[in-house]
Amino acid sequence: MASLLKELPSMSTILSLYASISGLSMLIRTILNEMIPRGMRDLIAKNFSDFFATYFSSDFTFIIEDRWQAVENETFRAVEVYLPTKVGPSTKSLLIGTNDTNNIFAPPKPGVPVDVKVVDFFQGMHFEWTLCEKEAKKYYHRQKKFFELKCKSNYREQVMQSYLPYISKTAAAILNNRETLNICTYDNEDSTWESTVFKHPATFDTLAMDPDLKKFIIEDLDLFVQRKDYFQSVGRAWKRGYLLYGPPGTGKSTLVAAIANYLRFNIYDLQLQGVRNDAQLRRILTSTTNRSILLIEDIDCSTKSSRSRDRNKNPKEDHDDDDDEGSDQLDNKLSFDPGVTLSGLLNFIDGLWSSCGDERIIIFTTNYKEKLDPALLRPGRMDVHIYMGHCTPAAFRKLAFKYLGIKEHVLFKCIEDLIQSPVITPAEVAQHLMKRGEPQVALQSLIEFISMKEAEMVEKNEAKKDEQEVIKEEVGKQDEKQSKILTTSAYLT
Ligand SMILES: Nc1ncnc2c1ncn2[C@@H]1O[C@H](COP(=O)(O)OP(=O)(O)OP(=O)(O)O)[C@@H](O)[C@H]1O
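So, here is what we can say about the structure in this document. What you see is a predicted model; the values in this text were computed from it and never measured. (Residues numbered from 1 in each chain as written. Predicted model: local features only at pLDDT ≥ 70, side-chain atom pairs only at ≥ 80, totals over all residues. Heavy atoms only, no water.)

## A closer look at the nonpolar core
A general feature of soluble globular proteins is that nonpolar side chains tend to end up buried together.
Working step 1: Leu255, Ile361 and Ile363 are the most contacted members of the largest nonpolar core, which has 29 residues in total.
Working step 2: If you tally residues by element for this core, the top one is helix 8 (residues 252-263), at seven residues.
Working step 3: When sequence neighbours within four positions are dropped, the list of residues in contact with Ile361 reads Leu221, Phe224, Arg240, Tyr242, Leu263, Phe265, Ser292, Ile293 and Leu294.
Working step 4: One finds Tyr245, Ile284, Ile299 and Phe348 within the second-largest nonpolar core, a separate group that totals 27 residues. (Core = buried A, V, L, I, M, F, W, Y, C linked by side-chain atoms within 4.5 Å. Buried < 20%, exposed > 50% of the residue type's maximum accessible area, 1.4 Å probe, protein only. Helix = DSSP H or I, 4+ residues; strand = E, 2+ residues; numbered from the N terminus. Contact = heavy atoms within 4.5 Å.)

In structure tokens, the structure reads:
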């Protein structure tokens, strides 16, 4: 111990060493202050402190689950779109595949496999992403997916303020420029939306319909996507409902395809028949993503009309129906499934659940608007009602150009005269124009078809007239009989 104390430097040596170090540091500081400008000095100091803070900072993990408070988590969706673009050499495996069933040569798209680390750099920060899966507690619940984002804990603020908004923006740009759209149908067994590539060639340009109506729809869609702030300021959900009605083959489905292609929105095609109850309907609807179209075709088959078909099966229901005839019947069960109500559906359209999700288009189609429940037609429910009617001369010219590549023909005048009255649908016109050979052959066959349909219609109308005459005569006879009875009873009293 004594020898150890002897080896220690003396107090005066320590003091003189301290004096020399502080003198040297003052000299260095003075030189640096003289030579390096203030801005540069601050930057160096900041980088030094950042480096030490990062180096000694502990790790932090963000968890981004696929659902957020009962709805789809848009942050999860954004990361799902963004992350495959960051798969680099440090990633150990890659998920690849394509859902383009129309094209077996379609190049596979990359995806992020479960439990594989993906590294990303943003503004000098280093991030590690992993997609994880959590087993469902019950066999009929779907597996939960979530992303883990690992970073230094002092990046937290920047992740929230800049990194995640940057990811959302990038994902939106990727989705906007995507080449293919998806159409999704609900798989009841797996309780998920199954998607497949949607490659419908219909556009507003190929759609044969009244030019003013077409212009109106395009302007309405443009206005809708531009008015996020407006919807917020008037306290309405950023949604737009379209009811397309008209006879079969007039282009309702084609218009839906044209809208999807125009807006670059995916389509969720929901068959209400398969939905068990309102709770499931809510789950299905809240698991659709933003910037999408919810399509429910033949909505009339889900309401009053189909229920009346079922009446024959259940006389008790028949009795119930008679009681509330003419009312909104909001709480009546839809016929195909006693668990789904129209009110459940309306709740999502303009009720409390309507605020779930942004930038949604809801489209109902029907061949029989008159059969729809009045509750569905009330102002404010479906914003725009669009009638898709029989083929007009303008629509015919559009189809002729589309199918035959001609703008004029000697037979056009004859066809235009024939279709002044609503006899033929665009689908029927298209069917004839698709015939192989010279345009003359196709147009001739179309003329014959329209003439035949017109003759059929005249015949039907005549038959109807005759029937009405007979009924009128019958009613007249009944009235006469009744008045005789009344006169007799008046005499008797
Ligand atoms: N207005 C139209 N413009 C262009 N093509 C049309 C039009 N209407 C119908 N067609 C053609 O007819 C076919 C059937 O049309 P579509 O399925 O869109 O009719 P729909 O009104 O939806 O019929 P449904 O009520 O039976 O579902 C389409 O494949 C399309 O090629």
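Picking up where we left off.
## Section: the pattern of salt bridges
Where side chains of opposite charge bring their charged atoms close, a pairing between them can arise.
Working step 1: Going through the model one piece at a time under the given rule, you end up with 14 salt bridges.
Working step 2: Across the pair Arg240 and Asp220 runs a salt bridge whose closest N-O atoms are separated by 2.9 Å. In this pair, Arg240 is assigned in strand 11 (residues 239-245) and Asp220 in helix 6 (residues 211-226), connecting sequence segments 20 residues apart.
Working step 3: Linking Asp417 and Lys413 is a salt bridge whose minimum nitrogen-to-oxygen distance equals 2.9 Å. Placement of both Asp417 and Lys413 in helix 15 (residues 412-418) is noted, with a separation of four residues, approximately one turn of the helix. (Salt bridge = Lys/Arg side-chain N within 4 Å of Asp/Glu carboxyl O.)

## What to know about the side chain of Glu416
Working step 1: Residue placement: Glu416 occurs in helix 15.
Working step 2: Given a relative accessible area of 14%, Glu416 falls into the buried group.
Working step 3: A polar contact of 2.5 Å, which involves the side chain of Glu416, links it to the side chain of Arg397.
Working step 4: Those residues in contact with Glu416 that sit more than four places away from it in its chain are Pro393, Phe396 and Arg397. (Polar contact = N/O pair within 3.5 Å; in protein donor to acceptor, adjacent residues only side chain to side chain.)

## Concerning the site of the ligand
Working step 1: The environment of the ligand is made up of 17 residues, and the closest members are Ala208, Lys252, Ser253, Thr254 and Asn367.
Working step 2: The contact in question runs from a nitrogen atom of the ligand to an N or O atom on the backbone of Ala208, over 2.7 Å.
Working step 3: Taking Asn367, its side chain carries an N or O atom lying 2.9 Å from an oxygen atom of the ligand.
Working step 4: Out of a free accessible area of 620 Å², the ligand has 74% covered by protein chains. (Near = heavy atom within 4 Å. Areas by Shrake-Rupley, 256 points an atom, 1.4 Å probe, with all protein chains shown as cover.)

## Here's the deal with the side chain of Ser287
Working step 1: Summarising the element assignment, Ser287 is placed in the loop between helix 9 (278-286) and strand 13 (292-296).
Working step 2: Among the polar contacts listed, one links the side chain of Ser287 to the backbone oxygen of Arg283, at a separation of 3.1 Å.
Working step 3: Reaching out from Ser287, the side chain makes a polar contact with the backbone oxygen of Ile284 at a distance of 2.9 Å.
Working step 4: The contact partners of Ser287, leaving out residues within four places of it in the chain, are Arg67, Glu72 and Trp193.

## Structural notes on the environment of Phe60
Working step 1: Residue placement: Phe60 occurs in strand 1 (residues 59-65).
Working step 2: On a C-alpha basis, the gap between Phe60 and Lys150 in space is 5.7 Å, while along the polypeptide they are 90 residues apart.
Working step 3: When near neighbours in sequence (up to four residues on either side) are disregarded, Phe60 contacts Leu149, Lys150, Cys151, Lys152, Ser153 and Arg156.

## Some remarks on the sheet that holds strand 1
Consider a sheet: its strands pair through backbone hydrogen bonds, and that pairing is either parallel or antiparallel.
Working step 1: With antiparallel pairing, four strands are arranged side by side in an open sheet as 1-8-7-6. Where the open sheet ends on each side, the last strands, each with one partner, are strand 1 and strand 6 (117-122). Each strand of the sheet is rotated relative to its neighbour by a mean of 25°, with strand direction disregarded.
Working step 2: By the bridge criterion, seven bridges tie strand 7 (residues 125-134) to strand 8 (residues 144-152) in an arrangement that is antiparallel. The residue bridging Glu133 from the neighbouring strand is Lys145, located in strand 8.
Working step 3: Seen against the sheet, helix 4 (residues 74-82) touches strand 1, strand 6, strand 7 and strand 8 and runs at an angle of roughly 75° to strand 8.
Working step 4: The strands touched by helix 5 (residues 156-176) are strand 1, strand 6, strand 7 and strand 8; relative to strand 7, the strand with the most contacts, the crossing angle is about 75°. (Pairing = 2+ DSSP bridges. Axes fitted to C-alpha atoms, helices over the stretch in contact; angles between N-to-C directions.)

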